[in-house]
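Coordinate inspection notes
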Amino acid sequence: MGIELKHLLDVDTLSKEDIFFILDTAESFKEITSRDIKKVPTLRGKTVINLFFESSTRTRTSFEIAGKRLSADTINISATSSSVTKGETLLDTLRNLEAMNPDVIVLRHPASGAAHFLAKHAACAVINAGDGQHAHPTQALLDLMTIRERRKGGPAGLKLTIAGDITRSRVARSNIKLLNKVGIDVSVCAPASMIPAGIETMKVRVFHNMKDALSGADIVMMLRIQKERAGKSLFPTLREYSRYFSLNKETIKYAKKDVIVMHPGPMNRGVEISSQIADGELSVILPQVANGLALRMALLYLLAGGAKQ
Ligand code: CP
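Residues numbered from 1 in each chain as written. Predicted model: local features only at pLDDT ≥ 70, side-chain atom pairs only at ≥ 80, totals over all residues. Heavy atoms only, no water.

Before going further, it helps to spend a moment on the overall build of the protein chain. In terms of regular secondary structure, the protein chain is built from 10 helices and nine strands. Since a compact globule built from 309 residues should have a radius of gyration of about 19 Å, the 19 Å found for the protein chain is in line with a globular shape. Oriented by its inertia axes, the alpha-carbon framework of the protein chain measures out at about 55 × 45 × 35 Å. With 309 residues in all, the protein chain has 57% of them scored as buried. When contacts within the protein chain are restricted to residue pairs at least 6 apart in sequence, those whose partners lie at least 24 apart make up 74%. With 42 positive and 31 negative side-chain charges, the protein chain shows a separation of 3 Å between the mean positions of the two kinds. (Helix = DSSP H or I, 4+ residues; strand = E, 2+ residues; numbered from the N terminus. Rg over C-alpha atoms; globule rule 2.2 N^0.38 Å. Buried < 20%, exposed > 50% of the residue type's maximum accessible area, 1.4 Å probe, protein only. Contact = heavy atoms within 4.5 Å. Lys, Arg positive; Asp, Glu negative; His and termini not counted. Charge placed at Lys NZ, Arg CZ, Asp CG, Glu CD.)

Within a sheet, neighbouring strands are paired by backbone hydrogen bonds and run either parallel or antiparallel to one another. Within the open sheet, the four strands sit side by side as 2-1-3-4. Their pairing is parallel. The open sheet is flanked by strand 2 (73-78) and strand 4 (125-131), the only strands paired with a single partner. Averaged over neighbouring strand pairs, the angle between their axes works out to 15° when direction is ignored. Both strand 3 (residues 104-109) and strand 4 contribute to a ladder of five bridges, which runs parallel. Each residue of the ladder has a partner; that of Val106, found in strand 4, is Ile127. Across the sheet, helix 2 (residues 58-69) is in contact with strand 1 (47-52), strand 2, strand 3 and strand 4; its angle to strand 2 comes to roughly 160°. This element, helix 10 (residues 285-304), spans strand 1, strand 3 and strand 4 of the sheet and lies at about 145° to strand 4. (Pairing = 2+ DSSP bridges. Axes fitted to C-alpha atoms, helices over the stretch in contact; angles between N-to-C directions.)

In this section: the environment of Val84. With respect to the element layout, Val84 can be found in the loop between strand 2 and helix 3 (90-98). Residues Val84 and Phe53, spaced 31 residues apart in sequence, show a C-alpha to C-alpha distance of 9.2 Å. Those residues in contact with Val84, other than ones at most four positions away along the chain, are Phe53, Ala79 and Thr93.

Taken domain by domain, the protein chain holds domain 1 (16-134 + 289-304) and domain 2 (137-284). Just the C-alpha atoms count here: the centres of domain 1 and domain 2 sit 26 Å apart. The partner domain 2 presents 23 residues to the 28 residues of domain 1 that form the contact. Our enumeration of links across domain 1 and domain 2 arrives at three salt bridges. Note that Lys30 and Glu149 form a salt bridge whose closest N and O atoms lie 2.5 Å from each other. Along the contact surface separating domain 1 from domain 2 lie eight residue pairs in polar contact (both at pLDDT 80 or more). Of all the elements in the fold, those that place two or more residues in the side of domain 1 that touches domain 2 are helix 1 (16-33), helix 2, strand 3, strand 4 and helix 10. Here the side of domain 1 that touches domain 2 gets nine residues from one element, more than from any other, and that element is helix 1. (Domains from an automatic or database assignment. Salt bridge = Lys/Arg side-chain N within 4 Å of Asp/Glu carboxyl O. Polar contact = N/O pair within 3.5 Å; in protein donor to acceptor, adjacent residues only side chain to side chain.)

Further remarks concern the nonpolar core. Soluble globular proteins: nonpolar side chains tend toward being buried together. Ranked by size, the top nonpolar core spans 90 residues in total, and within it Leu141, Ile162, Leu247 and Leu300 carry the most contacts. When residues in this core are grouped by element, the largest group, 12 residues, is from helix 10. Counting the residues that make up this core, at least three belong to each of domain 1 (16-134 + 289-304) and domain 2 (137-284). If you look at the next biggest cluster of nonpolar residues, it comprises 19 residues, including Ile77, Leu107, Ala114 and Ala115. (Core = buried A, V, L, I, M, F, W, Y, C linked by side-chain atoms within 4.5 Å.)

Before going further, it helps to spend a moment on the layout of surface pockets. Estimates place the volume of the largest pocket at around 360 Å³. Lining the largest pocket are 21 residues, and of these Arg108, Arg170, Arg224, Gly265 and Pro266 lie nearest its centre. Per-class residue counts for the lining of the largest pocket are four nonpolar, 10 polar and seven charged. Counting contributing residues per domain, the lining of the largest pocket is built from domain 1 (16-134 + 289-304) and domain 2 (137-284), each supplying no fewer than three. By volume, the second largest pocket is sized at about 180 Å³. Lining the second largest pocket are Ile252, Lys253, Ala255, Lys256, Lys257, Val259, Val261, Gln276, Ile277, Gly280, Glu281 and Leu282. Residue composition of the lining of the second largest pocket, by class: six nonpolar, two polar and four charged. (1 Å grid on protein atoms, 1.4 Å probe; cavity = no way out; pocket = protein on both sides within 12 Å on 5 of 7 lines; lining within 4 Å. Points joined across faces, edges and corners; volume = space filled by probe spheres on them. Nonpolar A, V, L, I, M, F, W, Y, C, P; charged D, E, K, R; others polar.)

Between two aromatic rings, the relevant description is the distance of the centres plus the angle of the planes. Per the counting criterion, the structure on display carries two aromatic pairs. Between Phe29 and Tyr301, the aromatic rings sit 5.4 Å apart at their centres with planes inclined by 65°, giving edge-to-face as the arrangement. Remark: Tyr301 occurs in helix 10 and Phe29 occurs in helix 1; sequence separation between them is 272 residues. The exposure classification of Phe29 matches that of Tyr301, with both residues buried. (Phe/Tyr/Trp six-rings, centres within 6.5 Å; stacked < 30°, edge-to-face > 60°.)

Here's what the structure looks like:
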């Protein structure tokens, strides 16, 4: 069994079988990351370009380490160090990078749809590392990988609540689509100003208070407020937001006792999540990051056509 994947732009085109195949591949790469010598020749001779037009700690670092652990030549380009600052377009940037014959371009961009645009014009594989508020497929896949590791009975039937700035979150959009595909019952919770119109069509239940949203939840995924994506504030004060929508020692009591606490990062401690919960025993926030590395190794392997060692 295998998978035909030219690009990874969002999770829409993935079947349930594709999803589990990617996760199984990632599981097999996880062992490499725990070895003393964490490098295999799988992608020797391949070239991966990380083209990041937006800030990133986790995604960019994990793609870079993933490429290097698989022996690919891995190059990082940021907006500030590229000729985009001199007026070069995304298409011209692509044409010039492709003149050097890369195998994979990993793109993060503030514009929704940027990765689809790049893929339409690219000869090499394109991985969407987050485009505007549209999609973040590798985050959703690593989140599902983390859930699957911790709930051995499988994801189907689990109840998951995503709480935070849903409107401006690409993580929420990709997760809702992916988690629905594997049978997870997804709810969202936020003030009405942070819930996009028509979200019910994505098969989610909508709540505006943590008590109802977390009632019986197996998993809670907290999201930060995406202040960089809109000029106007979507709530009166941070203090008020935190009072009603934070995950803390009081609100977590509404969920199941063994609830899994997730956050894609970066966290705003004391706003959407308290430090006690973020650093507590129910938190899988750092295991999410560790799984992100294995997941991105798997995707580079599958898209760059490496020979597994
Ligand atoms: N979760 C996530 O995308 O984090 P970064 O912005 O640090 O990559």
